[in-house]
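Close look at the chain arrangement
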Amino acid sequence: MARKKWKSGWRKVPGKITNRIEEIQENGLIVACTLKITATEATTGKFAHVGIDYRGGDFNIPQSVIPPEENGRASKVNLHGKEIIRKDLPKELKEFGFYAPSWGDWSKGSHWVGQMREVYQRDQIAPKEAEISFEILRNGTDTEPFVVVKCVVEFLLLKNSPVFKRDLLFCLNLLQENVGHADLWASTTSNEEFANTLYVDWEILPPGNKEEVLQKLMSGARSKHPDLLQKKIADRYETLSKLQPTAYLRGRNGFRHYFGAKFSDDVVVFENLDYGNAAYVMGESWETLSKMSRIDLMKSATEDFERIVHKEGWKDSLREVVRKKLKK
C-alpha cells in the first residue's frame, strides 16, 4: 500500500530547527526522531517503503536502510546527487559549439564552430548514500502492540562546516520524507534521553461510545468540583467530536491533565483538564510541545501551535483553524 501522506520536507531550515542549533552546545549534530509505530500502521504499510512491517505477531524493523529513490526528491538526491544552479554568483563565460563540414563537404574534413556565452555557475553535489538507521527503544501494548523506534540519518553534521546548513536541510528532508518526522540532536544524545525527551505516553481512545470516552477522560483528571469538571469535559468533547477527529488522546503518567483530539499526524487539539482557559491547536511537533508548561510554551519561539482562548465565538475559531490546517 502507498504510505500515508505527510509533509515531505522544507525549502529552507525551519525555525524550530534553527532554535535547536542555538540550544545545542556541541559541534557534532545528527538529524533524528522517535516514532511510536502501532501494529496496525505497520500491517497496513504506512512504513513499508523503509522496510518496516508486522507479521506473525512481531515487528520487522531493519537495522538500517538506504531509502530507494522512488520515496521522493531527497531520497533520489541521496542516491544520485544533484546540480545546483548558482544564481547568487556572477555568470561566467562558457564556450558552446559544434563540428561543421569544411566547405560544406564532410569528405573534406570538419572544423569547430564555437560561440562564447555567459552562463550561471553550477555546483555538482555528489550522492551521499546516507543510511537511515532504526533502533527499538521500547515495546508495549495499548489497545494494540506498538514499538517506539529511534530513527537516525547516519550523517554527522558539524556546525563549523562551510556547508553545514546545506547538509542539515538535506538530512532533515531525507528523514521527514521517509518517516514523517525530523528533529536535530547532539550526536552524543543517549537512548534514554531520546526516549524521555521525545516520547510522551499517550493513550489512544478511538472515536466510539461517548460515555466510554468521557469516562476514560474523567479518570485522568482531578478537581475539587468533579460535577463541574465533568460538564466541562462533556462540552469540550461535543465541540471536538463535531470536527470528526480520528482519535482522542489522554495523557498518562505525568501528563494526565491533558486530553486532546487527533485529526492527522500534524493536527492535534489539546485541552488541559485541570486549569487553563484556552485550547491549543498543535502541528507535527505536538508530542514535544504538549509536554511544556503553558508559560514555557508561550515563551517558546515555535510557530507550530495556535492558542484559542475560551471566549465568545471560540468554538467557531477552533473549527476554522482546524479546517485550515487540514487543508494544508
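Coordinates for the structure precede this section.
Residues numbered from 1 in each chain as written. Predicted model: local features only at pLDDT ≥ 70, side-chain atom pairs only at ≥ 80, totals over all residues. Heavy atoms only, no water.

1. Topic: the pairing of strand β10 (residues 145-153)
Here is the rule we go by: Each residue is placed in one exposure class: buried if its accessible area under a 1.4 Å probe, protein chains only, is under 20% of its type's maximum, exposed if it is over 50%, and partly exposed if it falls in between. Helix and strand labels come from DSSP, where a helix needs a run of H or I of at least four residues and a strand needs a run of E of at least two; each type is numbered from the N terminus. Should DSSP find at least two bridges between two strands, the strands are taken to pair.
Within β10, eight of the nine residues are buried, which leaves it mostly tucked inside the rest of the structure. As judged from the seven bridges shared by strand β1 (residues 28-38) and β10, these two strands associate in the antiparallel manner. Looking at the pairing, C33 lines up with C151 of β10. Of the pairings in the sheet, the one linking strand β9 (residues 132-141) to β10 comprises nine bridges and is antiparallel in character. For F134, the partnering residue across the bridge sits in β10 and is C151.

2. Quick word on empty space enclosed by the protein
We apply this condition: A cavity here means a set of 1 Å grid points, computed over protein atoms only, where a 1.4 Å probe fits but cannot escape. A pocket is an open set with protein on both sides within 12 Å along at least 5 of 7 lines, and lining residues have an atom within 4 Å of a point. Grid points are joined across faces, edges and corners, and a volume is the space filled by probe spheres set on the points. Amino acids outside the nonpolar list (Ala, Val, Leu, Ile, Met, Phe, Trp, Tyr, Cys, Pro) and the charged list (Asp, Glu, Lys, Arg) are all regarded as polar, and Gly is one of them.
By the definition in use, this model includes two cavities of 30 Å³ or more. What the second largest cavity holds in volume is close to 40 Å³. Lining the second largest cavity, in full, are W6, K7, Q176, G180, H181, D265, D266 and E284. Counted by class, the lining of the second largest cavity contains one nonpolar, three polar and four charged residues.

3. Overview of the nonpolar core
Operational definition: Residues enter a nonpolar core if they are buried and are Ala, Val, Leu, Ile, Met, Phe, Trp, Tyr or Cys, with the set joined through side-chain atoms within 4.5 Å.
The biggest cluster of nonpolar side chains holds 40 residues, and the ones touching the most others in it are V31, I37, F134, L168, L175 and L184. Secondary-structure elements contributing two or more residues to this core are α1 (15-23), β1, α2 (39-43), α3 (73-80), β9, β10, α4 (164-179) and β12 (183-186). Of the residues forming this core, the biggest block, nine residues, is contributed by α4. By size, the runner-up hydrophobic cluster in this structure holds 22 residues, among which are L229, A279, V281 and V322.

4. Comments concerning the pattern of salt bridges
As a reminder of what qualifies: Each salt bridge in this description consists of a side-chain nitrogen of Lys or Arg and a carboxyl oxygen of Asp or Glu lying within 4 Å of one another.
Tallied over the full model, the rule gives 13 salt bridges. A salt bridge links R86 to D88; the shortest N-O distance between them is 2.7 Å. Assessed through its relative accessible area of 22%, R86 is described here as partly exposed. Look at D88 and you get exposed, because its relative accessible area is 55%. Several salt bridges converge on common partners, so that one network encompasses E41, K46, K262 and D265.

5. Comments concerning the packing of aromatic side chains
Test applied: Pairing of aromatic rings covers Phe, Tyr and Trp, the last through its six-membered ring, and needs centres within 6.5 Å; plane angles under 30 degrees mean stacked, over 60 mean edge-to-face, and all others mean tilted. Put simply, a charge is over a ring when the Lys NZ or the Arg CZ is close to the ring centre, within 6 Å, and near the line of the ring normal, within 35 degrees.
One pass over the structure, following the stated rule, counts five aromatic pairs. Considering the side-chain rings of Y280 and F305, the 6.2 Å spacing of their centres and the 45° angle between planes classify their relative orientation as tilted. Of the two residues, Y280 sits in strand β17 (residues 278-282) while F305 sits in strand β18 (residues 305-309), which places them 25 residues apart along the sequence. With a relative accessible area of 13%, F305 lands in the buried category. Its end group placed over the ring of F96, R117 keeps NZ or CZ at 4.5 Å from the ring centre. Over the face of the ring belonging to F170 we find K128, whose NZ or CZ atom lies 5.0 Å from the ring centre.

6. Here we look at the packing of helix α7 (residues 226-241) against helix α10 (residues 314-327)
Test applied: Here an axis means a line fitted to C-alpha atoms, over the contact stretch when the element is a helix, while the angle between two N-to-C directions is reported on a 0 to 180 degree scale. Roughly parallel here means an angle under 35 degrees, roughly antiparallel means over 145, roughly perpendicular means 65 to 115, and every remaining angle is called oblique. Throughout, a crossing is termed right-handed when the near helix is turned clockwise from the far one, and left-handed when it is turned anticlockwise from it by less than a right angle. We call two residues in contact when some of their heavy atoms are within 4.5 Å.
Orientation of α7 relative to α10, taken along the N-to-C sense of each, is 40°, at an axis distance of 10 Å. Taken as axis vectors, α7 and α10 run oblique relative to one another. Considering how the two elements wind past one another, α7 and α10 form a crossing that is right-handed. Within the contact between the two elements, α7 uses D235, R236, T239 and L240 and α10 uses W314, K315 and L318. Split by residue class, the contact of α7 with α10 holds three nonpolar, one polar and three charged.

7. A look at α7
Note that an α-helix has 3.6 residues per turn; residues three or four places apart therefore point the same way. Defined as follows: A helix is expected to span 1.5 Å multiplied by its residue count minus one. Of all possible arcs, the one meant is that of the directions from the helix axis to the C-beta atoms.
If you check α7, its first and last C-alpha atoms are 22 Å apart, about what 16 residues at 1.5 Å a residue would give, namely 22 Å. The set of residues buried in α7 consists of L229, I233, R236, Y237, T239 and L240. For α7, the buried positions fall inside an angular range of 165° around the axis, keeping them on one side. Residues D227, L228 and K231 are exposed on α7 and point more than 90 degrees away from its buried face.

8. Some points on α3
Turning to α3, its buried residues number three or more, namely A74, S75, V77 and N78. Projected down its long axis, α3 carries its buried residues within an arc of 160°, all on one side. Buried positions along α3 lie against β5 (82-86) and α4. Of the residues flanking the end of α3, it is G81, one or two places downstream, whose phi is positive at about 75°.

9. Details of unusual backbone geometry
Phi is positive for E129, close to 50°, though the residue is something other than glycine. Along the polypeptide, E129 turns up in the loop between β8 (121-125) and β9. On the basis of relative accessibility, which here comes to 47%, the residue E129 falls in the partly exposed class. A positive phi angle, close to 60°, is found at Q244, a residue other than glycine.

10. Observations regarding a nonpolar patch on the surface
Inclusion rule: Only residues whose relative accessible area exceeds 30% and that form no salt bridge enter a patch; like-charged residues are grouped when within 9 Å of one another, and nonpolar side chains (Val, Leu, Ile, Met, Phe, Trp, Tyr) when within 5 Å. Where accessible areas are quoted, they stem from the Shrake-Rupley method and a 1.4 Å probe; at the residue level, only the protein chains shown are allowed to cover.
On the surface, a nonpolar cluster with roughly 420 Å² of combined accessible area is contributed by Y99, W106 and W112. When you line up the elements, Y99 lands in strand β6 (residues 92-101). Exposure remark for Y99: the relative accessible area of 56% places this residue in the exposed category.

Taken by themselves, the reported measurements are silent on function.
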